[in-house]
Every structure is written in structure tokens, then in C-alpha cells.
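Take a look at the letters that make up each chain.
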Amino acid sequence: QVQLVESGGGLVQPGGSLRLSCTVSKSSVNIYEMAWYRRAPGRQRELVASITNPNRSTYADFVKGRFTISRDNIENTAYLQMNSLEPDDTAVYYCHMKSFKVVAGGTTSNMYWGQGTQVTVSS
């Protein structure tokens, strides 16, 4: 069974930094895309950033210039480096993975979620 294990959340001052990690338990999985989502109280879940296996990244407008998504294939881990954190960044951050498998006539895909890690930005 594939599991995504997250870590790195915590309490930081405004302007501070955190680095979130998401480790895939099964190394044999074919990863198409890793992504980070977040959900704040009273808000809908929103996409923060994503990265595909060919190293292409996308970002939500509200984190551009502050957050960086990356992936280490050897460690089988995705990261979210968060700088210049603001109180509005306070949320539970969730790792997401889309995998694929080659079958006759094309491919199939599966999706997995991490357990979430709390990020709190406050004075």
C-alpha cells in the first residue's frame, strides 16, 4: 500500500520560513506529479504548488516568489520550501501524489493524500 508521510510543520513568526517534506513509502511507484494543497479554517482546499516528473513546477499566485516546490528522486521525497510566511498562510498543508501505470492502449492513474501537517504563522 502506498502512503505519503508528511513532516515539517510548526509555529513560526511572520517573515519566517518552514520546509515541508512528503516521503512516499513505496519506491516502486511511478510518479507523474507531486503537489501541495492547503486548507485554512473557513476556506476551501486550494492548490499551492505542483511538480511533474519532468521537472516542471507550477504555483498559485498567492505564493509565487515565496514558496518553492522540489523533489528528490533518490530520497523519494517532495519538499515545499516556504519563505516570507504570512499569517494568511496559516493552514493544514496536504501532500498529494498522482501515479501512473502503463497498460495496453495507454496508462492508468491513481491518487494519494498525505495526512496533513499544521503550519501556523503568528506573532
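How each quantity is defined
- Residues numbered from 1 in each chain as written.
- Predicted model: local features only at pLDDT ≥ 70, side-chain atom pairs only at ≥ 80, totals over all residues.
- Heavy atoms only, no water.
- Pairing = 2+ DSSP bridges.
- Helix = DSSP H or I, 4+ residues; strand = E, 2+ residues; numbered from the N terminus.
- Axes fitted to C-alpha atoms, helices over the stretch in contact; angles between N-to-C directions.
- Contact = heavy atoms within 4.5 Å.
- Buried < 20%, exposed > 50% of the residue type's maximum accessible area, 1.4 Å probe, protein only.

Glancing now at the sheet that holds strand β8 (residues 77-82). As summarised here, the arrangement of the four strands in space is β1-β3-β8-β7, forming an open sheet in which the pairing is antiparallel. Where the open sheet ends on each side, the last strands, each with one partner, are β1 (4-7) and β7 (67-72). Along the sheet, successive strands turn relative to each other by an average axial angle of 15°, direction set aside. As paired elements, β1 and strand β3 (residues 18-24) share four bridges and run antiparallel to each other. Bridge pairing in β3 links serine 7 to serine 21.

Glancing now at the environment of valine 92. Summarising the element assignment, valine 92 is placed in strand β9 (residues 91-103). For valine 92 and threonine 68, which are 24 residues apart along the polypeptide, the C-alpha to C-alpha distance reads 17 Å. When residues no more than four places from it in sequence are discounted, the contact partners of valine 92 are Tyr37, Arg38, Arg39, Gly116, Thr117 and Gln118.

The phi dihedral of asparagine 76 falls on the positive side, at around 55°, and the residue is not glycine. When its relative accessible area of 12% is taken as the criterion, asparagine 76 is described as buried. Even without glycine at this site, serine 84 takes up a positive phi of about 50°. Among the secondary structure elements, serine 84 is positioned in the loop between β8 and β9.

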